[in-house]
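Chain by chain, the residues run as shown.
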Amino acid sequence: MHPMLNIAIGAARSAGNVIVRNLERVDRLTIGTKQRNDFVTEVDRLAEHEIIRVIHRAYPDHAILAEESGAQGDNEYEWVIDPLDGTTNFLHGFPQFAVSIALRHRGRLDQAVVYDPLRQELFTASRGSGATLNDRRIRVSRANGLTGSLLGTGFPFRQQQHLDAYLEMFRVLFPDAAGIRRAGAAALDLAYVAAGRLDGFWEIGLCPWDIAAGALLVLEAGGMVSDFDGGSDYLESGNVVCAGPRLHAAMVTAIGPHRGEALRR
Ligand code: IPD
Ligand code: CA
Ligand code: CA
């Protein structure tokens, strides 16, 4: 195993412990609001602190881009961290949240971990070496089109100016899909696509820490990840569509025309 992936796993497990330990006292947590419908708790901050501590103990010079504390350092290695993806779920005791940690090297995704601390499911990927769930190799599903597919999505609940564009996308995908799920933790949605539990996924306006680790998982599991016009700057735009190659092409064809000007940040 790549030594940096090993560090990422240790950091994710340690943050997962912080999260699970605090789950029974969610009703007593101090909750802040960053913007409309965007909550942060001391657990997000504690978990992030723990991840950065573990990474910097091993690699003191590496740069960090973390959801709660922002960007620090300048180095060809950069860790992209979402300490608790699915905070709203966590606050409601809805059991779908995860720790997401990715490493970029010279701008390229290199290592990834998404860890679900409740189910103790550890998704990992190393560039060029495939993706695993609890040490077993995972692959995207073989869905070859929209018909009968199970899709994941996220609603634009913070950027409601995207609601019309989103609903148009929903409208074109809905009739053929077997189902559409909105589970509330984008990093896990991407990991589920990598594991073939979801055939495909799309969401508008995510942040790099929601996407980075999950994107490498999907790519290393044989899938495609792009923005809505099929391009590769999804980490910058935050607009993501991913699936196995055939379904991915079908999804881009279906939703691309509805992306609108507003989505091109
Ligand atoms: C959120 C979750 C959610 C997605 C949001 C994200 P957070 O992350 O991934 O599924 O719809 O856009 O911001 O705020 O819980 O880390
Ligand atoms: Ca997130
Ligand atoms: Ca978060």
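Residues numbered from 1 in each chain as written. Chains lettered and ligands numbered in written order. Predicted model: local features only at pLDDT ≥ 70, side-chain atom pairs only at ≥ 80, totals over all residues. Heavy atoms only, no water.

With that out of the way, let us pick up the side chain of Glu-50. Within the secondary structure, Glu-50 sits in helix 2 (residues 42-58). Leaving out residues up to four positions away in the same chain, Glu-50 has contacts with Ser-14, Ala-15 and Val-18. (Helix = DSSP H or I, 4+ residues; strand = E, 2+ residues; numbered from the N terminus. Contact = heavy atoms within 4.5 Å.)

Protein-derived ligands of the calcium ion (ligand 3) are Glu-67 (OE), Asp-82 (OD) and Leu-84 (O), with the metal-ligand distances lying across 2.2 to 2.4 Å. All donors of the calcium ion (ligand 3) come from a single chain, and their spacing in sequence reads E-x14-D-x1-L. Metal-to-metal, the separation of the calcium ion (ligand 3) and the calcium ion (ligand 2) is 3.7 Å; Asp-82 coordinates the two. Taken together, the residues Glu-67 in the loop between strand 3 (63-66) and strand 4 (70-72) and Asp-82 in strand 5 (residues 77-85) connect sequence positions 15 residues apart. (Donors = N, O, S within 2.8 Å, 3.2 Å for Na, K, Ca; no water.)

All right, on to the pattern of salt bridges then. The tally for this structure, following the rule as stated, stands at 9 salt bridges. The shortest N-O distance in the salt bridge between Glu-50 and Arg-53 comes to 2.9 Å. Residue Glu-50 and its partner Arg-53 are both found in helix 2; the two are separated by 3 residues, about one turn of the helix. Given the relative accessible area of 16%, Glu-50 is considered buried. Between Arg-106 and Glu-76 there is a salt bridge; the shortest N-O distance is 3.5 Å. (Salt bridge = Lys/Arg side-chain N within 4 Å of Asp/Glu carboxyl O. Buried < 20%, exposed > 50% of the residue type's maximum accessible area, 1.4 Å probe, protein only.)

Our next topic: the domain arrangement of the protein chain. By domain assignment, the protein chain separates into domain 1 (3-137) and domain 2 (150-259). Relative to domain 2, the C-alpha centre of domain 1 lies at a distance of 21 Å. On the domain 2 side, the residues contacting the 40 residues of domain 1 number 26 residues. When the buried area of domain 1 at its contact with domain 2 is split by residue, Gln-96, Leu-109 and Phe-123 rank highest and sum to 21% of it. At the boundary of domain 1 and domain 2, one finds 1 salt bridge. Close ionic contact of Glu-121 with Arg-197 constitutes a salt bridge, the shortest N to O distance being 2.7 Å. At the surface where domain 1 touches domain 2, the tally comes to 7 residue pairs in polar contact (both at pLDDT 80 or more). Those elements that place two or more of their residues in the side of domain 1 that touches domain 2 are strand 3, strand 5, strand 6 (98-105), strand 7 (108-116), strand 8 (121-126) and strand 9 (130-133). (Domains from an automatic or database assignment. Buried area = accessible area lost by both parts, 1.4 Å probe. Polar contact = N/O pair within 3.5 Å; in protein donor to acceptor, adjacent residues only side chain to side chain.)

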